[in-house]
Amino acid sequence: MSLKTRTEFFQRIDVRLTVYYTLVCIILFLGIYTSFYFILEHNLTGHIDNILLDEEHELIQELNETAEDGLPLITGCQDFMEDVSGRKHFPIFFRVFSSSNELIYQSENSKNIPLPEFHDSPRNESFPNNSLPAIRVHETTAAIQGTQETVFIQLATVTALSEIILKKWFRNALMVFPILILTCIGGGALVSFRPKKIIGNITNLTNRISSQHLKERLIVPDAKDEIRDLTITINTMLDRLDESFSQIKQFSADVSHELRNPLFALQGELEVAISKQRSKEEYKDIMGNCIERIQFLSKMVKDLFMISNFDTNKIPLQLTSVDLRELLLEIHAFFLPMAQEKGIRFSVEINRPIVFKADKTKFLQLLNNLLENAVKFTNENGVITLSANVNTHAQQVEIKVKDSGIGIPESELTKIFNRFYQVDKSRSDFQYGAGLGLHICQRIAEIHGGSISAESSLEKGATFTIILPKVIS
Ligand code: ADP
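Residues numbered from 1 in each chain as written. Predicted model: local features only at pLDDT ≥ 70, side-chain atom pairs only at ≥ 80, totals over all residues. Heavy atoms only, no water.

Asks: Looking at this model, I keep getting lost on helix H5 (residues 226–275). Mind explaining?
Replies: Think of an α-helix as 3.6 residues a turn; residues three or four steps apart then line up on the same face. The first and last C-alpha atoms of H5 sit 72 Å apart over 50 residues, in line with the 74 Å expected at 1.5 Å per residue. N-capping of H5 is provided by Asp 225, with a side-chain oxygen placed 3.1 Å from the backbone N of Arg 228. (Helix = DSSP H or I, 4+ residues; strand = E, 2+ residues; numbered from the N terminus. Expected span 1.5 Å × (residues − 1). Polar contact = N/O pair within 3.5 Å; in protein donor to acceptor, adjacent residues only side chain to side chain.)

Right, dumping it as structure tokens:
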């Protein structure tokens, strides 16, 4: 394996996961092994201490009985020696000292084993004893019944058996260790297989994705874990991308479609104009029509440019404190002649000054679009009301444009704010717009942190409500 291939191999997520998993398992096993070792050693030592304690009781009993019989203590020691001489795995070595520290008895077998100096206080202690077998020593003081005498007892036994047990345990553990490591590697590989497969799927899918290929989705796994969350997030992201691309495609299709009609009409007008010799009046008429169509086209291009700036967040907001009352009166004055020309009663209702932060030019455009529609879709003798109120409780300002015009079918209300959406093309002719006005209104309301909604039903007029938050006063 070359260095590059080896590096690539160890950079693979499944290999890395397996290595981490195995390392964690090794550390865990070492921890468990060490704990077991010390627990076992502790238990074995405790077992030896119990043996020595039992022997101590037996020796003291022998010494008490000897004293009761009026015999010297050495006799009790000899009897005890006889009793313990048959011990095979744990041979007992012992010494008995008088209270004046004179040796009363030393077992025969202890002469070859160097026993430590007698300690002042009772103790249990192990001694490695270099080349000789290691020993465990138990020391105590005992008062002999019926006499004034106190003796010091030192008992010991070899710890060889427990060392053998520990060594065997260690050897067995060492033999099992590679099997455990292999199992860990296998387990790690198994555990990392699923994430590797899913990451592989995600990579394949992302490689296949292009603007033409956004319908594919990852299979969402059943297990409710982070991988499931990740797949759902990626699928949701693809849904959003797909929707955005569809919108862009739809938008381009709509733009070309909406531009085509007025351009054809313009071409037609001009072709008619040059098809034969015409009077000055006829030329004037045709030119007038052409100018209207060009005005429509340039308004549409302007609106489209504005929408595209909204999409790319390139619309700078120039917020100033705007007196809403002044603004409504201003726009009322502008639309009043148009309304009057159609025989429409147009009034404005605002009883107190309301100051709020807004980009005046854009906000005027919003109201302008709504009022243009209101005038457009309201027939003779109709009524249009422009009003504003402050909802002090919700800290919002509500502006309403209400008309008694032809209305909008309820089923269409959710769509009228979409780009290029027109309820019924036959109700507007070319000069009236391309279905962009309300969309722009919505975008302007939104960049001011507000919203716009419509209430209407057919033949019952329409009411548009703009809600803006955070009124200043
Ligand atoms: P347009 O500029 O073509 O009128 P808009 O986006 O301003 O486009 O409006 C979208 C559609 O909503 C229009 O086609 C029209 O049918 C309907 N509409 C908007 N305002 C009113 C209104 N006040 N009364 C009735 N219909 C309306």
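Having put the structure on the table, let's press on.
Asks: Can you walk me through the packing of helix H7 (residues 324–341) against helix H8 (residues 360–376) in this structure?
Replies: For any two helices packed against each other, one specifies the crossing angle of their axes together with the interaxial distance. The N-to-C vectors of H7 and H8 enclose an angle of 40 degrees; their axes lie 11 Å apart at closest approach. Read as a crossing pair, H7 and H8 show a hand that is right-handed. Packed against H7, whose contacting residues are Leu 324, Leu 327, Leu 328, Glu 330, Ile 331, Phe 334, Phe 335 and Met 338, the element H8 presents Lys 360, Phe 363, Leu 364, Leu 367, Asn 368, Leu 371, Glu 372 and Val 375 at the interface. In terms of residue class, the contact of H7 with H8 is made up of 12 nonpolar, 1 polar and 3 charged. (Axes fitted to C-alpha atoms, helices over the stretch in contact; angles between N-to-C directions. Left-handed = near helix turned anticlockwise from the far one by under 90°. Contact = heavy atoms within 4.5 Å. Nonpolar A, V, L, I, M, F, W, Y, C, P; charged D, E, K, R; others polar.)

Asks: What am I meant to see in the pairing of strand S5 (residues 150–158) here?
Replies: In regular strands, side chains alternate between the two faces of the sheet. The element S5 is largely enclosed, with a buried count of 8 among its 9 residues. Here 5 bridges tie strand S1 (residues 93–97) to S5, and the two strands are oriented antiparallel to one another. Bridge pairing in S5 links Phe 94 to Leu 155. Of the strand pairs in this sheet, strand S4 (residues 135–143) and S5 are connected by 9 bridges, and their pairing is antiparallel. By the bridge assignment for S5, His 138 is matched with Leu 155. With antiparallel pairing between neighbouring strands as the criterion, S4 and S5 make up a hairpin whose turn holds 6 residues, including Gly 146 at a positive phi of roughly 80 degrees. (Buried < 20%, exposed > 50% of the residue type's maximum accessible area, 1.4 Å probe, protein only. Pairing = 2+ DSSP bridges.)

Asks: What's the story with the sheet that holds S5 in this structure? I'm lost.
Replies: Working definition: the strands of a sheet are paired by backbone hydrogen bonds and lie parallel or antiparallel to each other. Spatially, S2-S1-S5-S4-S3 is the arrangement adopted by the 5 strands of the open sheet, whose pairing is antiparallel. Each edge of the open sheet carries a strand with a single partner, namely strand S2 (103–106) and strand S3 (123–127). On average, each strand axis in the sheet is inclined to that of its neighbour by 15 degrees, with strand direction left out of account. Here 3 bridges tie S1 to S2, and the two strands are oriented antiparallel to one another. What sits directly across from Val 96, in S2, is Tyr 105. Running at roughly 15 degrees to S2, helix H3 (residues 73–84) makes contact with S1, S2 and S5 of the sheet.

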